[in-house]
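# Analysis of the macromolecular model
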Amino acid sequence: MTTPAKPDTAKPLFADHGCAPAAPERFANSDNIEITPEYEGFNQHNDMFSRGLWDSKFATRITMRFYRSFVKPKERVRDEEGFAQEDFALRNGPWVVTEMFAEMQKAKDRRDGFTDDFTPHLPPKVEPADMGDPKSAAKRVKKTARIYGADLVGITAYDPRWTYRSKFSGRTMSSKPVEIPEGITNVIVVGKSMQYDLVRMSPTATAATSAAAGYAEDAVTLLALAQYIRSLGYQAIANQNDTNLAIPYAIQAGLGEYGRNGLCITREFGPRVRFGRILTDMPLAHDTPLSFGVEQTCEICRRCANNCPPQAIDHGPPSTYTFNQSNIKGIKKWTTDGEKCFKFWVLKGSDCANCIRTCPYNKDYTRLWSKIMRRLLATPLRRLALILDDKMRLHDQIKPSSWWRSENGRFEVLEKAKDHAPMPDLKAQQDRVKAIRDARKEKEAQEAQAQ
Ligand code: SF4
Ligand code: SF4
């Protein structure tokens, strides 16, 4: 057996691999993300989708109808644009793939891809193959991932701080332990883009097909890639919504920058990407974090926040403020209010993607204008670029009825949307920012008093 070479770039992201930093720590060279000594990690039990099952505040009849609507065709069908039977049918089609994996190990209290990693189908019993140096191994893994359907692939070091402190058990409605095998050193992050034209119809069931299809395609890519790695004699644990936080890994793997909407904004698709991860012990070279001006754009652009129907996105600067238990504690960053977001999804009867649709980085980058805009947003002319981009109205909502009528679903053949939510006026915006800041200060003062 040839012993594989140790990766020369496989340095842990953080010096003290496994506990919180003693002093605030910049993440991925970003000025807007800082990990403080108060960082605790995250329990999946506090995730909004878990709380929708156990927390009496959210586990209501309407929430159960929302969950059921993904499998019961007519549960939330109504006479509203984008919520007809065919819209739900379109959305629910791809969910069957992810649901199949989730249901497969139910008897063992596992929901593969949601609360648990995908069950391995081939343990690494064979001798590890010689993959050459970590750089060429990374190149081959990335090539394979693309063959299996990945749109983006990046590699970074495994960081236990992004691993959930506990997983959620659907059987007991409480926490269960996370078990990561010894020897995991690297994380392969696989990005699958969501379809641009579908996202343009958010917030409707028609638009939610983009997430459903992204999940289904991502699951297939992850499973195939994990099997490839195991067949080469290395460990491979495939994760989707389970086990660890996707966004920090995607950023660290050089796939994009963190945005005000809480998503990783990529150069290729903006925020329109779903990220899966594979934890492995295969020695692989790492990618470096990327910077193309997103942070600076988010400081002056509040489109996602202005167009979020329940106002769940922060208008202010990055901070360690948490809205509720579904936020991660101890990281200075832009944070969204998951409770407000989830409530809106439940009431609407389907998932929303307004914070993706309206982002100036959400573009079809096969077009010259989109490339020019991305370039401008990376320069001090970004304010002007945002004004121009606004005028182009490329982020208006497309009516699902127009999309269904179109020949091929392409946005250029669709009629101009008439139901685009108008931007709130400046005064209302300022008042809202002030109210949010005041509430935050009050909460911080109360916390300080309680200590
Ligand atoms: S998904 Fe919709 S409701 Fe949730 S934060 Fe984004 S815009 Fe707001
Ligand atoms: S819409 Fe604007 S503020 Fe929100 S993530 Fe995109 S660039 Fe940042």
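## Here we look at helix α6 (residues 209–231)
Compared with an ideal rise of 1.5 Å per residue, which puts 23 residues at 33 Å, α6 spans 33 Å between its outermost C-alpha atoms and is within 8% of the ideal. Positive backbone phi, approximately 95°, marks Gly 233, located one or two places after α6.

## Concerning the sheet that holds strand β3 (residues 152–157)
Within the open sheet, the 4 strands sit side by side as β3-β6-β10-β7. Their pairing is antiparallel. Each edge of the open sheet carries a strand with a single partner, namely β3 and β7 (236–239). Here the strands of the sheet are splayed against their neighbours by 25° on average, with no regard to which way each runs. Note: β3 against strand β6 (residues 186–193), 6 bridges, orientation antiparallel. Of the residues in β6, the one forming a bridge with Val 153 is Val 190.

## Concerning the site of ligand 1
Around ligand 1 sit Cys 308, Pro 309, Pro 310, Ala 312, Ile 313, Thr 336, Cys 341, Phe 344, Cys 352, Ala 353, Asn 354 and Cys 355, and that is every residue in its neighbourhood. Partitioned by chemical class, the residues of the shell around ligand 1 number 10 nonpolar, 2 polar and no charged.

## A word on the pairing of β6
Counted residue by residue, β6 has 8 buried out of 8 residues, so it is predominantly covered. Burial along β6 is two-sided: the face carrying Asn 186, Ile 188, Val 190 and Lys 192 and the face carrying Val 187, Val 189, Gly 191 and Ser 193 are both buried. Sheet topology places β6 next to strand β10 (residues 273–280); 8 bridges connect them, and they run antiparallel. Across the sheet, Val 187 pairs through a bridge with Leu 279, a residue of β10.

## A word on the environment of Asn 354
Within the fold, Asn 354 resides in helix α11 (residues 354–357). Between the alpha carbons of Asn 354 and Cys 304 there is a distance of 6.9 Å; along the sequence they are 50 residues apart. When sequence neighbours within four positions are dropped, the list of residues in contact with Asn 354 reads Ser 202, Pro 203, Asn 307, Cys 308 and Pro 309.

## A short note on the pairing of β10
A large share of β10 lies buried, amounting to 8 of its 8 residues. Residues Val 273, Phe 275, Arg 277 and Leu 279 of β10 are buried on one face, and the alternating residues Arg 274, Gly 276, Ile 278 and Thr 280, pointing to the opposite face, are buried as well.

## A word on unusual backbone geometry
Here the amide bond leading from Ser 202 into Pro 203 is cis, since omega sits at 5°, within 30 degrees of zero. Positionally, Pro 203 belongs in the loop between α5 (196–199) and α6. Positive phi values are uncommon outside glycine, yet Arg 393 reaches one of about 55°. Within the element layout of this structure, Arg 393 appears in the loop between α13 (382–392) and α14 (400–405). Residue Arg 393 is classed as exposed on the basis of its C-beta count, with 10 C-beta atoms lying within 10 Å.

## Some thoughts on the site of ligand 2
Looking at ligand 2, there are 13 residues lining it, with Gly 259, Cys 298, Cys 301, Cys 304 and Cys 359 nearest. If you list the elements that add at least two residues to the shell around ligand 2, you get α8 (294–300) and α9 (303–306).

## A short note on the nonpolar core
Where a protein is soluble and globular, its nonpolar side chains tend to be buried together. Of all hydrophobic cores here, the largest spans 90 residues; its most connected members are Val 189, Val 190, Leu 222, Ala 226, Ala 250, Cys 264 and Ile 278. The biggest single contributor to this core is α6, with 11 residues.

What counts, and where the lines are drawn
Residues numbered from 1 in each chain as written. Chains lettered and ligands numbered in written order. Predicted model: local features only at pLDDT ≥ 70, side-chain atom pairs only at ≥ 80, totals over all residues. Helix = DSSP H or I, 4+ residues; strand = E, 2+ residues; numbered from the N terminus. Expected span 1.5 Å × (residues − 1). Pairing = 2+ DSSP bridges. Axes fitted to C-alpha atoms, helices over the stretch in contact; angles between N-to-C directions. Near = placed C-beta within 6 Å. Nonpolar A, V, L, I, M, F, W, Y, C, P; charged D, E, K, R; others polar. Buried ≥ 20, exposed ≤ 12 C-beta atoms within 10 Å, placed from the backbone. Contact = placed C-beta atoms within 7 Å. Core = buried A, V, L, I, M, F, W, Y, C linked by C-beta atoms within 7 Å.

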